[in-house]
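Examining the three-dimensional arrangement
Here is how the chains run, residue by residue.
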Amino acid sequence: MAIKTLDISPVGRVEGDLDVRVDIENGRVVNAWTHAELFRGFEIILRGKDPQAGLIVTPRICGICGGSHLTSASWALDTLWGTEVPRNAILARNLGQIVETMQSIPRYFYGLFAIDLTNKNYRRSRFYEEACRRFAAFTGKSYEIGVTISGKPVEIYALFGGQWPHSSYMVPGGVMCAPTLTDITRAWAILEYFRTNWLEPVWLGCSLERYEQIRTYDDFMAWLDEDLNHRESDLGFYWRMGLDIGLDRYGAGVGKYVTWGYLAHEDKYQKPTIAGRNAAMIMKSGVYDSFSDTHTLMEQSQIRENTTHSWYDEGSADIHPTNRTTKPTVNNSKDFDNAYSWSSAVRHQDFGRLEAGPLARQLVAGGNHGESWQHHDGFILDVFKHMGGASVHLRQLGRVHELVKLYRQAEHCLREFKLNDPWYIKPTEKDGHGWGATEAARGALSHWVEVEKGKIKNYQVIAPGTWNIGPRDGEGKRGPIEEALIGTPIEDSTDPVEVGHVARSFDSCLVCTVHAHDAKTGAELARFRTA
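Residues numbered from 1 in each chain as written. Predicted model: local features only at pLDDT ≥ 70, side-chain atom pairs only at ≥ 80, totals over all residues. Heavy atoms only, no water.

1. So, helix α8 (residues 181–204)
At R195, α8 shows its maximal bend, which comes to roughly 40°. Among the residues trailing α8, G205 stands out with phi positive, at a value near 70°. (Bend = angle between axes of the 7 residues up to and from the residue. Helix = DSSP H or I, 4+ residues; strand = E, 2+ residues; numbered from the N terminus.)

2. Brief notes about helix α14 (residues 379–386)
Inspection of α14 places F379, I380, L381, V383 and F384 among the buried residues, and these make up the whole buried set. Of the residues flanking the end of α14, it is G388, one or two places downstream, whose phi is positive at about 80°. (Buried < 20%, exposed > 50% of the residue type's maximum accessible area, 1.4 Å probe, protein only.)

3. Considerations on the confidence of the model for the chain
With 95% of its residues at a pLDDT of 70 or more, the chain shows a mean pLDDT of 93. Contacts from residues 510–519, a stretch scored under 50 in pLDDT, to residues over four places away or in other chains number 59 contacts. Considering only residues more than four positions removed or in separate chains, one finds that residues 524–531, a stretch of pLDDT under 50, has 36 contacts. (pLDDT = per-residue confidence, 0-100. Contact = heavy atoms within 4.5 Å.)

4. Let's talk about the packing of aromatic side chains
Scanning the entire structure with this criterion turns up 34 aromatic pairs. Site record: aromatic cluster; members linked through ring pairs are Y108, F109, Y110, F113, F127, F135, F194, W198, W203, F237 and Y238. Taking the ring centre of W373 as reference, the NZ or CZ of K268 above it sits at 5.1 Å. For the cation-ring pair, R399 lies above Y108, with the distance from its terminal atom to the ring centre recorded as 4.2 Å. (Phe/Tyr/Trp six-rings, centres within 6.5 Å; stacked < 30°, edge-to-face > 60°. Lys NZ or Arg CZ within 6 Å of the ring centre and 35° of its normal.)

5. Let's talk about the environment of D431
Structurally, D431 can be placed in the loop between α15 (392–416) and β14 (432–440). For D431, a relative accessible area of 42% corresponds to the partly exposed category. Sequence separation between D431 and I456 is 25 residues, and the spatial gap between their C-alpha atoms is 9.1 Å. The residues contacting D431, other than those within four sequence positions of it, are L80, V451, E452, K453 and G454.

6. With respect to the sheet that holds strand β10 (residues 294–296)
Reading across from one edge, β10-β9-β6-β13 is the order of the 4 strands in this open sheet, with mixed pairing throughout. Of all the strands in the sheet, the pair left with one neighbour each is β10 and β13 (355–356). Bridge count between strand β9 (residues 286–289) and β10: 3 bridges; the pairing is antiparallel. Of the residues in β10, the one forming a bridge with D289 is T294. Here helix α13 (residues 358–365) sits on the sheet in contact with β6 (256–259), β9, β10 and β13, set at roughly 90° to β6. (Pairing = 2+ DSSP bridges. Axes fitted to C-alpha atoms, helices over the stretch in contact; angles between N-to-C directions.)

7. Structural notes on the environment of D421
Inspection of the secondary structure assignment puts D421 in the loop between α15 and β14. Residue classification places D421 among the partly exposed positions, given a relative accessible area of 38%. Distance from D421 to D337, taken between C-alpha atoms, is 59 Å for residues 84 residues apart in sequence.

8. Some details on empty space enclosed by the protein
Scanning all chains against the criterion turns up 8 cavities of 30 Å³ or more. In this structure, the largest cavity encloses a volume near 860 Å³. Taken together, 37 residues line the largest cavity, and the ones lying closest to its centre are R40, I61, A463, G465 and T466. Counting residues per element, the ones that place at least two in the lining of the largest cavity are α1 (42–45), β16 (455–462) and α16 (464–469). Considering every element that reaches the lining of the largest cavity, the biggest residue donor is α16, with 5 residues. Taken together, the residues of the lining of the largest cavity break down into 18 nonpolar, 10 polar and 9 charged. The space that makes up the second largest cavity amounts to roughly 80 Å³. T259, Y262, M283, K284, R361, Q362, V364, A365, H375, E402 and K405 are the residues that line the second largest cavity. Elements with a contribution of two residues or more to the lining of the second largest cavity: α13 and α15. The element best represented in the lining of the second largest cavity is α13, accounting for 4 residues. (1 Å grid on protein atoms, 1.4 Å probe; cavity = no way out; pocket = protein on both sides within 12 Å on 5 of 7 lines; lining within 4 Å. Points joined across faces, edges and corners; volume = space filled by probe spheres on them. Nonpolar A, V, L, I, M, F, W, Y, C, P; charged D, E, K, R; others polar.)

9. Brief notes about the packing of helix α6 (residues 141–149) against α8
Where α6 meets α8, the axes come as close as 11 Å, and the angle between the chain directions of the two elements is 145°. Where α6 crosses over α8, the handedness of that crossing is left-handed. Along the contact surface, α6 presents I145, G146 and I149, while α8 presents Y193, F194, N197, W198 and V202. Classifying every residue of the contact of α6 with α8 by side-chain character gives 6 nonpolar, 2 polar and no charged. (Left-handed = near helix turned anticlockwise from the far one by under 90°.)

10. So, unusual backbone geometry
Residue P165 is reached from W164 by a cis peptide bond, and omega for that bond is 5°. With respect to the helices and strands, P165 occurs in the loop between α7 (153–161) and β4 (170–171). Here H166, not a glycine, exhibits a phi torsion of approximately 65°, which is positive. Within the secondary structure layout, H166 lies in the loop between α7 and β4. H166 sits in the partly exposed class, given a relative accessible area of 25%. Positive phi, normally seen in glycine, also occurs at T326, with a value near 50°. The topology assignment puts T326 in the loop between β11 (303–306) and β12 (345–348).

11. Overview of the pairing of β9
Each regular strand shows side chains that alternate between the opposite faces of the sheet. The alternating pattern of β9 places G286 and Y288 on one face and V287 and D289 on the opposite face, and all of these are buried. Pairing of β6 with β9 involves 4 bridges; the strand directions are antiparallel. When the sheet's bridge partners are listed, V258 is paired in β9 with V287. The turn linking β9 back onto β10 is made up of 4 residues, and D293 within it adopts a positive phi angle of 55°.

12. Details of the side chain of H69
Residue placement: H69 occurs in helix α3 (residues 66–81). In this view, H69 contacts T58, P59, I61, C62, L445, H447 and V461; residues no more than four positions away in its chain are not counted.

13. Focus: the pairing of strand β15 (residues 443–452)
Buried residues dominate β15, accounting for 9 of its 10 residues. Where β14 folds back onto β15 in an antiparallel hairpin, the turn is made up of 2 residues. Here β15 pairs with β16 via 7 bridges, running antiparallel. Looking across to β16, one finds that H447 is bridged to V461. Hairpin geometry of β15 and β16 is characterised by an intervening segment of 2 residues between the two adjacent antiparallel strands and by a positive phi of about 55° at K453.

Take a look at the structure:
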């Protein structure tokens, strides 16, 4: 059968800056290209600015995870200036990021992913009618409560940061807040509301304590069969329907995974350095290579960017982000043999292309590397091995599995605050290089800053989307989403929902109306609402 090429623009629901081209043969994707369509240029905006401009500008990179950018920007200046960060401030930074990610998970699942389960392609599934009752956009019973409840955790963020999104309460040397006992009490109440009104009764169908007993694939399957409330919870229902419609059978990707680690330990990172970061994170950093079944720590010195297939005039060599100059080209056209995206291709100097995101975090959490005290959780790694690797389906489980452990970390922060202790220690500014990193909801995020004569000389950001959405690298190797699309079954080329499943399993950010075009004739094949 002849190869059919589809251009799908855009592919998602939040922002309109990702297009996908796929070649389809015999009903399956045989080649794919992801191309970021929007140049924003935050690195250029920050040139020549005050070093602390990154605290104001970079949280505006994203309206859903600005706290993660603020976290990275703050730690970057901390490592540059050699600050001392009080214990309370580390806890406050962690809490802000935790609750921001907690809001993202139900918002993503119900608002961006699960509504596709109501697609007409699944009308033959025995779960279809119930999926429509639960997940239909705006009217589904779970959609309504899930999207609504997602706003509660960031109320805690606002108690500390003054607002959400786009707060700048984290600064080099600490935080610009001093919460009262009333603030802490309100935060506890909000956290409890999230648990008792959605997390336990709707999402899990059980207590947090019961869910925390799940350590292996077999434990999870036993949990499903143990109680009707478990099977009929949104998690249990999704898992069963996903298997029924085959979401476990495609979307594998590159098979190697990365996380910077996140949540600095309040007693182990009060004098932050780049070299000391890995040993001070509660959630450890690492690279998991599924082909050799090995875990290694991730170092910022090992990262490389390549712009061979990107619209930048920066050569074709692999370079460290600090050596980039961010020189965009003008009058660009898509040339899929050459440059076709505003994203660079990010790779590890030894392991090549890596997938970032919640699945990566959980696979790394299963490793025995790192410090003995660091968080260890082998559940998702065990499921990964039982199911033969990654898939659309497993990415969802990896993402939502984080909810309970993030909830526990939020509790820890609220318990550990000592309200009469310092929240900020004024630093001494100086020139030099700094680096800060964390895990945003969507994956590995890092900021590099170079300050010269008191002004920003170079600022570079590699976001989760850069890892996952990036085009082919200098060796012609596909990016993670491009590779994950290979083998995807397409039931109806006028409504390629399966392509959306794969892209959205990485939580790529896009908008509400999708237009599918035949790449050869330019004719619009379909226009359909996705939200």
